[in-house]
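Okay, here's what each chain looks like letter by letter:
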Amino acid sequence: MTDEPSQDEPIKLARHMALAIVAPVVMLIIMGGALAWQVSRMSEAAHWVSHTNEVIAKFIELRMRLSDKESSLRGYLLSGDPTHRETFDATIPQSSLEEAKTLTRDNVTQQTRLHEIEAAYTRWEAEATGAITARARDDADALRRRTALFRSIRTQISEAVNEERTLLAKRERDNADVDRTANYWFLGLIGLAAASIAFVSRRQLGVVSKAFGSMVSSERAAKMASRKQEWIQRGEATVSAM
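Residues numbered from 1 in each chain as written. Predicted model: local features only at pLDDT ≥ 70, side-chain atom pairs only at ≥ 80, totals over all residues. Heavy atoms only, no water.

1. Here's the deal with a nonpolar patch on the surface
Step number 1: Residues Val-22, Val-26 and Ile-30 make up a contiguous nonpolar surface patch of about 260 Å² in total accessible area.
Step number 2: Locating Ile-30 in the fold gives a position in helix 1 (residues 8–79).
Step number 3: Residue Ile-30 is classed as exposed on the basis of its relative accessible area of 55%. (Patch = residues over 30% accessible without salt bridge, like charges linked within 9 Å, V, L, I, M, F, W, Y side chains within 5 Å. Areas by Shrake-Rupley, 256 points an atom, 1.4 Å probe, with all protein chains shown as cover. Salt bridge = Lys/Arg side-chain N within 4 Å of Asp/Glu carboxyl O. Helix = DSSP H or I, 4+ residues; strand = E, 2+ residues; numbered from the N terminus. Buried < 20%, exposed > 50% of the residue type's maximum accessible area, 1.4 Å probe, protein only.)

2. Looking at the packing of aromatic side chains
Step number 1: Evaluated as defined, the whole model comprises 3 aromatic pairs.
Step number 2: A ring pair is formed by Tyr-121 and Trp-124, whose centres lie 6.0 Å apart and whose planes are at 25°; its orientation type is stacked. One end of the pair, Tyr-121, and the other, Trp-124, are both in helix 4 (residues 108–133), 3 residues apart, so they sit about a helical turn from each other. For the pair Tyr-121 and Trp-124, a shared accessibility class is recorded, and that class is buried.
Step number 3: Ring geometry for Trp-124 against Phe-150: centres 5.5 Å apart, planes inclined by 50°, an arrangement best described as tilted. Here the residue Trp-124 occupies a position in helix 4, and Phe-150 occupies one in helix 5 (residues 140–241), the gap between them amounting to 26 residues. (Phe/Tyr/Trp six-rings, centres within 6.5 Å; stacked < 30°, edge-to-face > 60°.)

3. Thoughts on the side chain of Gln-111
Step number 1: Here Gln-111 shows up in helix 4.
Step number 2: Overall, the relative accessible area of 19% leaves Gln-111 in the buried class.
Step number 3: Here the side chain of Gln-111 touches Lys-101 through a polar contact of 2.7 Å, landing on its backbone oxygen.
Step number 4: Among residues more than four places away in sequence, those in contact with Gln-111 are Lys-101, Thr-104 and Arg-105. (Polar contact = N/O pair within 3.5 Å; in protein donor to acceptor, adjacent residues only side chain to side chain. Contact = heavy atoms within 4.5 Å.)

4. A word on the confidence of the model for the chain
Step number 1: Summarising the model, the chain shows a mean pLDDT of 81, and 71% of its residues fall at 70 or more.
Step number 2: Confidence scores differ between elements of the chain, with helix 5 showing the lowest mean pLDDT of 77 and helix 3 (residues 94–103) the highest of 95.
Step number 3: Within the model, the stretch residues 1–5 combines pLDDT values under 50 with 6 contacts to residues more than four positions away or in other chains. (pLDDT = per-residue confidence, 0-100.)

5. Describing the nonpolar core
Step number 1: Counting 28 residues, the largest nonpolar core has Phe-59, Leu-66, Leu-73, Trp-124, Ile-153 and Ile-157 as its most contacted members.
Step number 2: In terms of residues, this core owes the most to one element, helix 1, which gives 9 residues.
Step number 3: Sequence-distant contacts of Ile-157, defined by excluding residues within four places in its chain, comprise Phe-59, Leu-62, Arg-63, Leu-66 and Ile-117.
Step number 4: Counting residues in each nonpolar core, the second largest holds 5 residues, with Met-31, Ala-34, Leu-35 and Ala-193 among its members. (Core = buried A, V, L, I, M, F, W, Y, C linked by side-chain atoms within 4.5 Å.)

6. Overview of the side chain of Arg-113
Step number 1: Within the secondary structure, Arg-113 is located in helix 4.
Step number 2: Take Arg-113: its relative accessible area is 13%, and that puts it in the buried class.

7. Regarding empty space enclosed by the protein
Step number 1: Enumeration according to the criterion identifies 1 cavity of 30 Å³ or more in this entry.
Step number 2: Here the largest cavity defines a volume of roughly 30 Å³.
Step number 3: As for the largest cavity, its lining consists of Leu-62, Leu-66, Pro-93, Gln-94, Leu-97, Ile-117 and Tyr-121.
Step number 4: Contributions of two or more residues to the lining of the largest cavity are made by helix 1, helix 3 and helix 4.
Step number 5: Class assignment for the residues of the lining of the largest cavity results in 6 nonpolar, 1 polar and no charged. (1 Å grid on protein atoms, 1.4 Å probe; cavity = no way out; pocket = protein on both sides within 12 Å on 5 of 7 lines; lining within 4 Å. Points joined across faces, edges and corners; volume = space filled by probe spheres on them. Nonpolar A, V, L, I, M, F, W, Y, C, P; charged D, E, K, R; others polar.)

What follows is the structure, encoded as structure tokens:
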């Protein structure tokens, strides 16, 4: 019997060639997904750092506006200068207060503190408006009430800022940890992907080379057998003709 090339050889060869091409692509897709996840974590960590800085800035802005309001009140009560009255009327801390509420809507403690600040400011503003109306008759008791209210407001804002700064320090540490982890992941995935692709490609290319060599050998053997068979048949025909 002559060795016929197996009909399965081309199929096996095509399968191994496809695997040699697809495997690296799949690994690259997996690596890309892992890196995208890490980038998402980095982005989220950076967002919270930026958000906390924004909250701190808003509390400081609120404190400055309240201080301007209180300073203009004192200036007007002491001097009667209408410029101080204009500054008092033009300074509106409520906008900063509402923005601070929006920024801290995920923080129950800060929301409670801001509502307390708002309530104290409402009472202080009522006292301040009354003092302006009756400037000449402003007494020591009214001054003490306004001072106590404003001191409580400043204390609440200072506590809010301190809480946010503590949170900021934690989030900055978390952000640094995520960055380091992302770097390790990136380097590790690059190394793993390179090693895996090299291993799979080398293995599959070796199998492809072996399968192709086997096909060539089988084809060559089949051709040799066919030629031998033709030579024998021609010989038999020659002998029969004699």
